[in-house]
Amino acid sequence: MSTGEVLVSKADGNGGIMALQKNLEGYVGFANLPNQVYRKSVKRGFEFTLMVVGESGLGKSTLINSLFLTDLYSPEYPGPSHRIKKTVQVEQSKVLVKEGGVHLLLTIVDTPGFGDAVDNSNCWQPVIDYIDSKFEDYLNAESRVNRRLMPDSRVQCCLYFIAPSGHGLKPLDIEFMKRLHEKVNIIPLIAKADTMTPEECQQFKKQIMKEIQEHKIKIYEFPETDDEEEMKMVRKIKDRLPLAVVGSNTIIEVNGKRVRGRQYPWGVAEVENGEHCDFTILRNMLIRTHMQDLKDVTNNVHYENYRSRKLAAVNYNGVDNNKNKGQLTKSPLAQMDEERRDHVSKMKKMEQEMEQVFEMKVKEKLQKLRDSEVELQRRHEQMKKNLEAQHRELEEKRRHHEEEKASWEAQQRILEQQKLDASRTLEKNKKKKIF
Amino acid sequence: IRLFRNTQTCFSRTSCTDLFGYVGIEAVLDQMRRKTMKVGLEFNIMVVGQSGLGKSTLVNTLFKSKVSRKSCTPNCEEKISKTVKLHSVSHVIEEKGMKMKLTVIDTPGFGDQINNENCWEPIVKHINEQYEKYLREELHINRKRRIPDSRVHCCIYFLPATGHRLRPIDVEFMKRVGKIVSIVPVIAKADTLTIEERQEFKERIRQDLAANGIRVYPQKEYDDDPEERILNDRIRESIPFAVVGTDKEHQVNGNKVLGRKTKWGIIEVENVAHCEFANLRDLLIRSHLQDLKDVTHNIHYETYRVRRLNESNMNFSELGLSARPLENGTADTSESESHL
């Protein structure tokens, strides 16, 4: 039985309602709340989307495999390193990892082909488009009427791999980070850190941080906490930014111990040794302590930025019925009213449009019919003309024939007359002869 | 001493004859050596690669002195330049009485921009300019006794140790420049790769080079005799060399060695089990230095000369040369001498 704890009240807003501290007289039980939350989240499982960006050959796939101790890219499903890319692609792979009853749905977004071509202008565009499209999906899902299943595929963290040149950031690095620091949490990493000696590494890190500040790039900032222990840890991490990492999944024997590392003729570079590289810091930070914070910053800062920018620019026309709405500063009822009005006006417009379309179609049909009528008429006339012509022809033939007949008859009569004449003269002659 | 049969000329038949006493012909080797030592040697080497691959460090390590651009310019700020600039630094180094005028041509800004189209053009232009200078000198009526040789004898191209394969910019550069100068590709910062990764990487690079028709030094076609071919074959099997450069010394087993000290061990630069720097140095300096110069003079320079002289056909009368048909790309220099 514990009496209630004394809480320092900071509430001085909220419409002037002051929260007074009260001491409890008995055990109420709401101290059990974190457990309930815990159990619920464990049942629901967690999601995390991680993006890796960098030139090919910097060990991104190996690092992912080492971080989560699984073979995301296995021989059956070879990673981007074994496939040559002509343009920048954005690929995502999902893997479900379980540990201690907790499910984590991990999505790794890879960007093969980044920075590999001769001309790399705008190679960051596919990445920006991908991140924006994920934000848009979430915005649509959030604005839906039915939002029970809301999958969160927003990119919560972007690991940017810097090549270990030892000098400073390349122009490509600076351009990319400048364009993406407002959209996603960027954590810069120095890849293949076993290339450098400790002094070179220190020098390089200092140079990078100087350039990052020069160009005003906002990388992910670790939150300040009240806890002194945590602050110490956070400060330690801050000192070692950007983290220099080495990845490996091969296990080597060193002094009887089995460690993960890279075997060289001159020694073994151990991945989990804090003196060799900052891999353990990265892993602890990313998975063990700051995963939730990364998700929160994505949700509260980057997503809200995107949302306000998007909604300030949206207009009412040409938008689908069930998706984006107008300003959400009004109360829900007013909003629903507006929605309804919207809907009605849209229906009216659709009706009008359909009527117009119908009229047009009718007109067209009428026109067609008239045309065909005219056509038929013409043909009819044509045929009639033909018929008449034939008729006339036939008439002519008949006339001709009659003429012929008449002439032939005339000829016959003449012939007969002649014959008669001839016979008469013959008789006359005969008579004459007799006398 | 044997006189070897000369099978190429068809004018005279030479046969092997034995001498029945000591004549002293071999003393010509001594004379040549003394002359070379007096006159000295010129060697021009160009290093090309993205910034941060250790070019200047490697050049310093090769010649064991601070001959690179970085060691010579007092203001050593590592800003990436916006365009490719060529930067030559010359030094005269001496060893055991042998003087060498070494010129290192650096190419800062190569491959560093976001858009690297045509970043090889300043380099190609520079190489051709050197050939042009030499050609002009050669065509003068009154020539100098020793024409200053600023032609690039060797170009070391640095490949980043990604472990995958050649990148488009590497292929483009080596295709274009491999035709006009001897290219020696090396894998930079090779302490990133384990031995298996290194072997696989080299294999893939060799495949890519063959697939793109890129000929790197030593070229197969210019092997004179079987001995040389065997030697060069061995070299060709192990290019590109995986090198590590440094100018710091550390103590290993009581000896002072050049190396890089990391938390997990010391990488000895001259230890062949660790990296192939010693092979590169032997190739460039100890065994093939003269060969590099000869290939540049006899093959690359002659190709350039043929092209130029064919182009400027109208200027032939000015130069006093007649248009002679030239076989297999090699011009007969004695002919041009007689005409001038």
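Owing to the predicted nature of the structure, the values given are computational and were not obtained by experimental measurement. (Residues numbered from 1 in each chain as written. Chains lettered and ligands numbered in written order. Predicted model: local features only at pLDDT ≥ 70, side-chain atom pairs only at ≥ 80, totals over all residues. Heavy atoms only, no water.)

Colleague: Hey, could you run me through the packing of helix α4 (residues 121–139) of chain B against helix α9 (residues 289–311) of chain B in this one?
Modeller: The packing of two helices is summarised by the inter-axis angle and the distance between the axes. Residues and elements named next belong to chain B. For the pair α4 and α9, the least separation of the axes is 10 Å and the interaxial angle reads 80°. As far as their axial angle goes, α9 and α4 are roughly perpendicular. When α4 is examined against α9, the residues Asn128, Tyr131, Glu132, Tyr134, Leu135, Arg136 and Glu138 are found in contact with a partner set consisting of Thr296, His297, His300, Tyr301, Tyr304, Arg305, Arg307 and Arg308. (Axes fitted to C-alpha atoms, helices over the stretch in contact; angles between N-to-C directions. Helix = DSSP H or I, 4+ residues; strand = E, 2+ residues; numbered from the N terminus. Parallel < 35°, antiparallel > 145°, perpendicular 65-115°, else oblique. Contact = heavy atoms within 4.5 Å.)

Colleague: Looking at this structure, how should I read the side chain of Asp152 of chain A?
Modeller: Residue and element names in this part refer to chain A. Summarising the element assignment, Asp152 is placed in the loop between α3 (125–143) and β4 (157–162). Side chain to side chain, Asp152 and Arg154 meet in a polar contact 2.9 Å long. Of the polar contacts made by the side chain of Asp152, one reaches the side chain of Gln156; its length is 3.4 Å. Beyond its immediate stretch of four places on either side in the chain, Asp152 contacts Glu47, Thr49 and Tyr138. (Polar contact = N/O pair within 3.5 Å; in protein donor to acceptor, adjacent residues only side chain to side chain.)

Colleague: What is the right way to look at the environment of Ser56 of chain B in this model?
Modeller: All names here are of chain B. Tracing the sequence through the fold places Ser56 in helix α2 (residues 55–62). Owing to a relative accessible area of 9%, Ser56 belongs among the buried residues under this scheme. As for Ser56 and Val84, which are separated by 28 residues in sequence, their C-alpha atoms are 16 Å apart. (Buried < 20%, exposed > 50% of the residue type's maximum accessible area, 1.4 Å probe, protein only.)

Colleague: Is there a simple way to think about the interface of chain A and chain B in this case?
Modeller: Buried accessible area, meaning the area lost when the parts come together, often serves as the stated size of an interface. Tallying the contact residues gives 37 residues for chain A and 36 residues for chain B. Buried area between chain A and chain B, both sides added, is near 3300 Å², and the carbon and sulfur share of it is 59%. At the boundary of chain A with chain B, the tally comes to two salt bridges. Ionic pairing is found between Arg260 of chain B and Glu200 of chain A, a salt bridge with its closest N-O pair at 2.9 Å. Along the contact surface separating chain A from chain B lie 16 residue pairs in polar contact (both at pLDDT 80 or more). Counting residues per element, the ones that place at least two in the side of chain A that touches chain B are α4 (171–180), α5 (198–214), β8 (257–264) and β9 (267–270) of chain A. Along the lines of polarity and charge, the residues of the side of chain A that touches chain B split into 15 nonpolar, 13 polar and nine charged. (Buried area = accessible area lost by both parts, 1.4 Å probe. Salt bridge = Lys/Arg side-chain N within 4 Å of Asp/Glu carboxyl O. Nonpolar A, V, L, I, M, F, W, Y, C, P; charged D, E, K, R; others polar.)

Colleague: Could you clarify how one ought to interpret empty space enclosed by the protein in this entry?
Modeller: Summary: where empty space remains is shown by rolling a probe the size of a single water molecule over the atoms. This model, assessed by the stated rule, comprises three cavities of 30 Å³ or more. Looking at the largest cavity, its volume works out to about 410 Å³. Around the largest cavity, the lining comprises 33 residues; the ones closest to its centre are Glu55, Ala163 and Lys170 of chain A together with Gln50 and Pro160 of chain B. (1 Å grid on protein atoms, 1.4 Å probe; cavity = no way out; pocket = protein on both sides within 12 Å on 5 of 7 lines; lining within 4 Å. Points joined across faces, edges and corners; volume = space filled by probe spheres on them.)

Colleague: Can you walk me through the sheet that holds strand β1 (residues 46–53) of chain A in this structure?
Modeller: What holds strands together in a sheet is hydrogen bonding between their backbones, with the strands either parallel or antiparallel. All names here are of chain A. Across the sheet, which stays open at both edges, the six strands sit in the order β2-β3-β1-β4-β5-β6 with mixed pairing between neighbours. Two strands bound the open sheet, and with one partner strand each, they are β2 (91–99) and β6 (243–244). Bridge count between β1 and strand β3 (residues 102–110): seven bridges; the pairing is parallel. Within β3, the residue paired with Glu47 across the bridge is Leu105. Of the strands in this sheet, β1, β3 and β4 are in contact with helix α8 (residues 291–313), which crosses β1 at around 80°. (Pairing = 2+ DSSP bridges.)

Colleague: Sorry, what's going on with the packing of aromatic side chains here?
Modeller: The relation between two aromatic rings is expressed through the spacing of the ring centres and the mutual angle of the planes. Residues and elements named next belong to chain A. Enumeration according to the criterion identifies 13 aromatic pairs over all chains in this entry. Ring centres of Phe135 and Tyr306 lie 5.3 Å apart, and the angle between their planes is 40°; this geometry places the pair in the tilted category. Linking Phe135 in helix α3 with Tyr306 in helix α8, this pair joins segments that are 171 residues apart in sequence. Looking at Phe135, the relative accessible area reads 1%, which means it is buried. (Phe/Tyr/Trp six-rings, centres within 6.5 Å; stacked < 30°, edge-to-face > 60°.)

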